[in-house]
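Geometric and topological summary
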Amino acid sequence: MAIGASIGRLLGMGVEELANTHRDAWPFNTYCGAADTACITPGLYAMVGAAAALGGVTRMTVSLVVIMFELTGGLLYIVPLMVAIMTAKWVADAFLSSGIYDGHIRLNGYPFLDAKEEFLHTTAAADIMRPQRCDPPLCTLTQHGMTVEDIEMVLEETDFNGFPVVVSKESQRLVGFVLRRDLHISLNNARLNQTGVVSQSPVYFIDPSSIATEPETRPSTSATPPTPVRLRKIVDLSPFQISDRTQMQTVIN
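Residues numbered from 1 in each chain as written. Predicted model: local features only at pLDDT ≥ 70, side-chain atom pairs only at ≥ 80, totals over all residues. Heavy atoms only, no water.

1. A short note on a nonpolar patch on the surface
A surface patch of nonpolar side chains, amounting to about 280 Å² of accessible area, comprises Val-57, Ile-100 and Tyr-101. As for its placement among the helices and strands, Tyr-101 is situated in helix 6 (residues 100-108). (Patch = residues over 30% accessible without salt bridge, like charges linked within 9 Å, V, L, I, M, F, W, Y side chains within 5 Å. Areas by Shrake-Rupley, 256 points an atom, 1.4 Å probe, with all protein chains shown as cover. Salt bridge = Lys/Arg side-chain N within 4 Å of Asp/Glu carboxyl O. Helix = DSSP H or I, 4+ residues; strand = E, 2+ residues; numbered from the N terminus.)

So, in structure tokens, the structure goes:
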């Protein structure tokens, strides 16, 4: 803005000197008249130059006009501000398509999707899905048959934010999805607030009454069976599901 204001004021002073020297020439004879009063205000040129420089660097248009109007409070200055800002933007777009803020975002590597750019995806979901063929198998939880100790071991050995819940290791049919944070909180609350919850307590992610066969639990050294832990409330039974052949454009949308 300082550079634009300086150039604008220099231009205003030049026009002012030209008006004083050739007051009888057009268009000074029409707007200035024969009086010795000054009809050119270099400060107005400085303000328009500052706005034009800022608009060309940042690519702001309407918002910049509104800001300058709020600073000056003069309705007569809106038209020259609009003309100068739009002209500066068009000239800047001819040299570089993006402004200084967009350039800083790309320079710092921030994730930013420009709405003016088109992103064409020719890959499918299978190209980015994990695990791939050379990766370890997918870490899943079964709807029954696991104990508190098994789940705590999974939480210690992995750092995933969530886990798919499947029917069994053989079936792999998706039942729901559970978040890592919810598992931590639920297991800690179960150990603190429920009586009889131990490491060998069975964990049910669905209603046990809906299970066709009773799951086998590990034998307990205590006389009474361990208290089961029911985590049905923390399971998302309707997560988003896509196939491996789904196009990436659909996945992103």
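2. A word on the pattern of salt bridges
With the rule as written, the count across this model stands at four salt bridges. Among the ionic pairs, Asp-93 bridges to Arg-59, the shortest N-O distance being 2.7 Å. Of this pair, Asp-93 sits in helix 5 (residues 78-95) while Arg-59 sits in the loop between helix 3 (42-58) and helix 4 (62-72), and the two are 34 residues apart along the sequence. With relative accessibility at 29%, the residue Asp-93 sits in the partly exposed group. Taking the shortest distance from any N to any O, the salt bridge between Lys-89 and Asp-93 comes out at 2.7 Å. Remark: Asp-93 and Lys-89 occur in helix 5; sequence separation between them is four residues, near one turn of the helix. Connected through shared salt-bridge partners, Arg-59, Lys-89 and Asp-93 make up one network. (Buried < 20%, exposed > 50% of the residue type's maximum accessible area, 1.4 Å probe, protein only.)

3. A word on the packing of helix 1 (residues 2-21) against helix 3
At a minimum axis distance of 7 Å, the contact between helix 1 and helix 3 shows a crossing angle of 145 degrees. Classified by chirality, the crossing of helix 3 by helix 1 is right-handed. The residues of helix 3 that touch helix 1, namely those facing Gly-4, Ala-5, Gly-8, Arg-9, Leu-11, Gly-12, Met-13, Val-15 and Glu-16, are Pro-42, Gly-43, Tyr-45, Ala-46, Gly-49, Ala-50 and Ala-53. When the residues that make up the contact of helix 1 with helix 3 are grouped by side-chain class, the tally is nine nonpolar, five polar and two charged. (Axes fitted to C-alpha atoms, helices over the stretch in contact; angles between N-to-C directions. Left-handed = near helix turned anticlockwise from the far one by under 90°. Contact = heavy atoms within 4.5 Å. Nonpolar A, V, L, I, M, F, W, Y, C, P; charged D, E, K, R; others polar.)

4. Let's talk about helix 3
With 17 residues, helix 3 extends 24 Å from end C-alpha to end C-alpha; this agrees with the ideal 24 Å at 1.5 Å per step. For helix 3, the full list of buried residues reads Pro-42, Ala-46, Met-47, Val-48, Gly-49, Ala-50, Ala-51, Ala-52, Gly-55, Gly-56 and Thr-58. Where helix 3 is buried, its residues contact helix 1, helix 4, helix 5 and helix 6. Among the residues trailing helix 3, Arg-59 stands out with phi positive, at a value near 65 degrees. (Expected span 1.5 Å × (residues − 1).)

5. A look at the pairing of strand 3 (residues 162-166)
Of all five residues in strand 3, five are buried, a share of seventy percent or more. Every second residue of strand 3 is oriented toward a common face, with Gly-162, Pro-164 and Val-166 on one face and Phe-163 and Val-165 on the other, all of them buried. Judged from the two bridges that link them, strand 1 (residues 141-142) and strand 3 form a sheet pairing that is parallel. Bridge pairing in strand 3 links Thr-142 to Val-166. Summarising the sheet, strand 3 and strand 4 (residues 174-179) pair through five bridges and their orientation is antiparallel. Looking across to strand 4, one finds that Phe-163 is bridged to Val-178. (Pairing = 2+ DSSP bridges.)

6. Describing the sheet that holds strand 2 (residues 146-147)
Overall, mixed pairing links the three strands, which are arranged 2-5-6 in an open sheet. Strands at the two margins of the open sheet, each flanked by one partner only, are strand 2 and strand 6 (229-230). In this structure, strand 2 lies alongside strand 5 (residues 202-204), joined through two bridges in antiparallel fashion. For Met-146, the partnering residue across the bridge sits in strand 5 and is Val-203.

7. Points about the packing of aromatic side chains
Scanning the model with the defined rule gives one aromatic pair in all. On the basis of an interplanar angle of 80 degrees and a centroid distance of 6.3 Å, the ring pair of Phe-160 and Phe-163 is categorised as edge-to-face. Exposure remark for Phe-160: the relative accessible area of 43% places this residue in the partly exposed category. (Phe/Tyr/Trp six-rings, centres within 6.5 Å; stacked < 30°, edge-to-face > 60°.)

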